[in-house]
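Observations on chain architecture
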Amino acid sequence: MFHSFFPKPKLFFSSAVLFSLMAVLVWYGFADDLNVQLGFGASPEGAQPPIGLGFFVTPEFLWFYVYYALCTALFGGFWWFNSGNHRWQLWSIWGSSLIIFLTYFSVQISVAINNWRRPFGDMLQNALQGEDGITAGDFYSLMLIFVSIATISMGLFILTRFFVSHYVFRWRTAMNEYYVGKWSNVRHIEGASQRIQEDTMRFASIMEGLGVSMIDAVMTLIAFLPVLYSLSSYVTELPIVGVIAAPLFTAAIVWSVFGTLLLAVVGIKLPGLEFHNQRVEAAYRKELVYGEDHEDRAEPITLEELFGNVRRNYFRLYFHYLYFNLARGFYIQADSLFTYFILVPTIVAATITYGILQQILTAFGQVSNSFQYLVNSWTTIIELLSIYKRLKGFEAVIDERDAALMEVR
């Protein structure tokens with residue numbers, strides 16, 4: 001699954017995680033302040049972020065583009081020369097870096113829209129209260145700014161999905177070439193054709209959505225956690241717990257971790273059941289296929305027994321999904337009110353404006369949803385784990401047969 005597309009995958013992914021962590025720590029440690037020394041300039045101290053497309057060309061952003069390019073060149077260059085001329089290194093190394101950057105930029109577009117919410121919300125509040133000096137032109141001007149940001153967002157989304165689709169299909173092609181290259185040795189393995197065609201297709205399809213959403217969740221945390229931390233200065237206390245440090249920041253982490261652990265615990269049996277479900281389905285399908293060519297196969301008694309296994313497993317799945325969906329549904333419904341709940345003391349004290357409230361709701365929702373990646377994607381992750389187990393077992397048999405051939409030779 002992985003070594004067909006990535007060079008030395010275990011080392012590649014572990015080094016990617018460590019290098020990325022180091023790059024993030026260096027950036028937030030001191031590198032983000034080097035824009036002045038390096039000649040990029042600096043935004044006025046204490047100034048609010050620009051509203052509109054100017055947000056993406058501030059000195060800080062221009063320096064970040066250069067910093068990301070340097071980090072990519074260091075990591076990608078190292079693997080380019082140490083990949084052993086891997087056939088798919090152009091896509092797996094540089095393509096992965098491009099996807100990460102495009103995802104991060106799309107998250108920053110969400111930050112830009114969140115910055116736009118404060119002036120628009122405050123203007124809306126002031127206009128509804130009848131304050132003087134607010135004209136229709138002011139609203140139209142802010143709406144045009146939103147349209148410009150949304151246009152960039154839409155275009156970037158389309159281009160990113162187009163590139164990711166090609167990226168994932170290359171990954172499927174790499175897996176297909178690897179398995180087909182060993183066809184003479186694996187053609188007699190039970191379910192070989194299904195593993196090569198159906199499972200690689202489903203693996204690629206799920207990774208196309210799940211992989212990008214995972215990167216998006218991580219990038220959203222990197223972008224919005226500082227925003228939520230700064231917005232915590234507008235909230236002095238939380239219900240029940242009272243005054244704590246960085247209340248919004250703390251509440252988002254605690255609530256999201258609680259939801260993730262809750263769903264992980266109640267859904268712990270589902271991956272195994274999904275995997276077993278594929279096995280009993282495959283056994284039933286195999287007997288039917290044999291019955292097409294052999295009169296002594298696919299007897300009614302045998303089919304009834306095999307389908308009985310299918311039925312039992314499905315009923316077990318239905319039962320376990322019953323309480324899993326119940327827990328997930330309660331949590332999602334509670335999540336829709338949780339932000340308002342923790343803001344009740346602040347709203348009653350009238351210490352924030354409507355624009356700031358909109359910023360808090362959006363930033364909290366972004367951080368909360370990112371932390372709840374497992375909650376929102378759990379059923380898809382279960383399906384991917386089931387496919388992974390089948391392909392991993394398939395590859396284990398391939399390795400055994402390859403080893404046996406080497407001994408014969």
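Please read these numbers as outputs of a predicted model, since none were measured by experiment.

Parameters and conventions
- Throughout, residues of each chain are indexed from 1 in the direction in which the sequence is written.
- This being a predicted model, a pLDDT of at least 70 is required before a residue's local features are given, and a value of 80 or more before pairs of side-chain atoms are given or counted; all residues contribute to the totals for chains, interfaces and linings.
- Each side-chain value is worked out from all heavy atoms of the structure, with water and hydrogens disregarded.
- In this text, helices come from DSSP runs of H or I with a minimum length of four residues, and strands from runs of E with a minimum of two, each type numbered from the N-terminal end.
- Buried means the residue's accessible area, taken with a 1.4 Å probe over protein chains only, is under 20% of the maximum for its type, while exposed means over 50%, and partly exposed covers the values in between.
- We call two residues contacting when some pair of their heavy atoms lies within 4.5 Å.
- In short, Shrake-Rupley with a 1.4 Å probe defines the accessible areas, and a residue's cover is counted only from the protein chains shown.
- Charged residues are defined here as Lys and Arg on the positive side and Asp and Glu on the negative side; His and the ends of the chain fall outside this count.
- Here the site of a charge means NZ on Lys, CZ on Arg, CG on Asp, or CD on Glu.
- What is meant by a nonpolar core is a set of buried Ala, Val, Leu, Ile, Met, Phe, Trp, Tyr and Cys residues, joined one to another through side-chain atoms within 4.5 Å.
- Basic side-chain nitrogens of Lys or Arg form a salt bridge, by our definition, when they fall within 4 Å of a carboxyl oxygen of Asp or Glu.
- Residues enter patches when their relative accessible area tops 30% and they take part in no salt bridge; the joining distance is 9 Å for like charges and 5 Å for the nonpolar side chains Val, Leu, Ile, Met, Phe, Trp and Tyr.
- We place a 1 Å grid over just the protein atoms. Points where a 1.4 Å probe fits but has no way out form a cavity, open points with protein on both sides within 12 Å along at least 5 of 7 lines form a pocket, and any residue with an atom within 4 Å of a point lines it.
- Grid points are joined across faces, edges and corners, and a volume is the space filled by probe spheres set on the points.
- In the scheme used here, Gly and all other residues not listed as nonpolar or charged are polar, with Ala, Val, Leu, Ile, Met, Phe, Trp, Tyr, Cys and Pro taken as nonpolar and Asp, Glu, Lys and Arg as charged.
- Stacked, tilted and edge-to-face are the three classes applied to pairs of Phe, Tyr and Trp rings, where Trp contributes its six-membered ring and a pair requires centres within 6.5 Å; stacked means planes under 30 degrees apart, edge-to-face means over 60, and tilted covers the rest.
- UniProt positions are given in the numbering used here, feature names are shortened, and annotations may be inferred rather than shown by experiment.

Helix and strand counts for the chain stand at 11 helices and zero strands. From first element to last, N terminus to C terminus, the chain shows the α and β order α-α-α-α-α-α-α-α-α-α-α. Overall, the chain is about 90 × 50 × 40 Å in size when its C-alpha atoms are taken along their principal axes. The buried share among the 409 residues of the chain stands at 41%. The long-range share in the chain, meaning contacts at least 24 apart out of those at least 6 apart in sequence, stands at 79%. When the accessible surface of the chain is split by element, carbon and sulfur atoms take 66% of a total near 22500 Å². For the chain, the distance from the average site of its 26 positive side-chain charges to the average site of its 32 negative ones is 9 Å.

Position of Thr346 relative to the elements: it lies in helix α9 (residues 300-348). Under the relative-accessibility criterion, Thr346 is labelled buried at 2%. If sequence neighbours within four positions are ignored, Thr346 has contacts with Tyr234, Val235, Thr236, Glu237, Thr351 and Ile352.

With that settled, consider the nonpolar core. Phe224, Leu248, Ile342, Leu343, Ile360 and Phe364 are the most contacted members of the largest nonpolar core, which has 47 residues in total. Where this core is concerned, the elements lending two or more residues are α1 (9-29), α2 (59-81), α3 (89-128), α4 (136-180), α6 (192-231), α7 (247-266), α9 and α10 (354-371). Apart from residues lying up to four places away in sequence, Phe364 is in contact with Leu228, Leu248, Ala251, Ala252, Phe338, Thr339 and Ile342. Among the nonpolar cores identified, the runner-up in size contains 35 residues, and Phe6, Phe75, Ile206 and Ile398 belong to it.

Overall, the coordinates contain one salt bridge when judged by the stated rule. Of the charged contacts in the structure, one is a salt bridge between Glu177 and Arg87, with a shortest N-O distance of 3.1 Å. With Glu177 in helix α4 and Arg87 in the loop between α2 and α3, the pair connects residues that are 90 residues apart, well separated along the chain.

Before going further, it helps to examine a nonpolar patch on the surface. Where nonpolar side chains cluster on the molecular surface, the patch consists of Trp80, Phe81 and Leu90 and spans about 360 Å² of accessible area. Looking at where Phe81 falls in the secondary structure, it is placed in helix α2.

Bringing the layout of surface pockets into the picture now. Of the volumes computed, that of the largest pocket is approximately 1700 Å³. Around the largest pocket sit 47 residues that line it, and Ala16, Ser20, Ile100, Met214 and Ile215 are the ones nearest its centre. Breaking the lining of the largest pocket down by element, the ones donating at least two residues are α1, α2, α3, α4, α6 and α11 (373-408). If one sorts the elements of the lining of the largest pocket by residue count, α1 sits on top with 12 residues. Estimates place the volume of the second largest pocket at around 1200 Å³. Broken down by secondary-structure element, the contributors of at least two residues to the lining of the second largest pocket are α1, α2, α3 and α6. The residue inventory of the lining of the second largest pocket, partitioned by class, reads 21 nonpolar, 10 polar and five charged.

To continue, consider the packing of aromatic side chains. Under the defined criterion, the tally for this structure stands at 48 aromatic pairs. Between the aromatic rings of Trp27 and Phe64, the centroid separation amounts to 5.3 Å while the plane-to-plane angle is 75°, which identifies the pairing as edge-to-face. Highlighted residues: Trp27 in helix α1 and Phe64 in helix α2, separated in sequence by 37 residues. Neither Trp27 nor Phe64 differs from the other in exposure class; each is buried. Seen from their ring centres, Tyr314 and Tyr318 are 6.0 Å apart, and the 40° between their planes marks the pair as tilted.

Let's shift gears to the UniProt feature "transmembrane region" (unreviewed entry) in the chain. Under the local residue numbering, the UniProt record ascribes the feature "transmembrane region" (unreviewed entry) to residues 12-30, 62-81, 93-113, 139-164, 210-231, 243-268 and 337-357. Across residues 62-81 one finds 100% helix and 0% strand; the C-alpha atoms that close the span lie 29 Å apart. Strand forms 0% of residues 243-268 and helix 77%; the C-alpha atoms that close the span are 36 Å apart.

The next subject is the side chain of Thr72. Tracing the backbone through its elements, the reader meets Thr72 in helix α2. For Thr72, a relative accessible area of 16% gives the class buried. Aside from chain neighbours lying at most four places away, what touches Thr72 is Gly77, Trp94 and Ser97.

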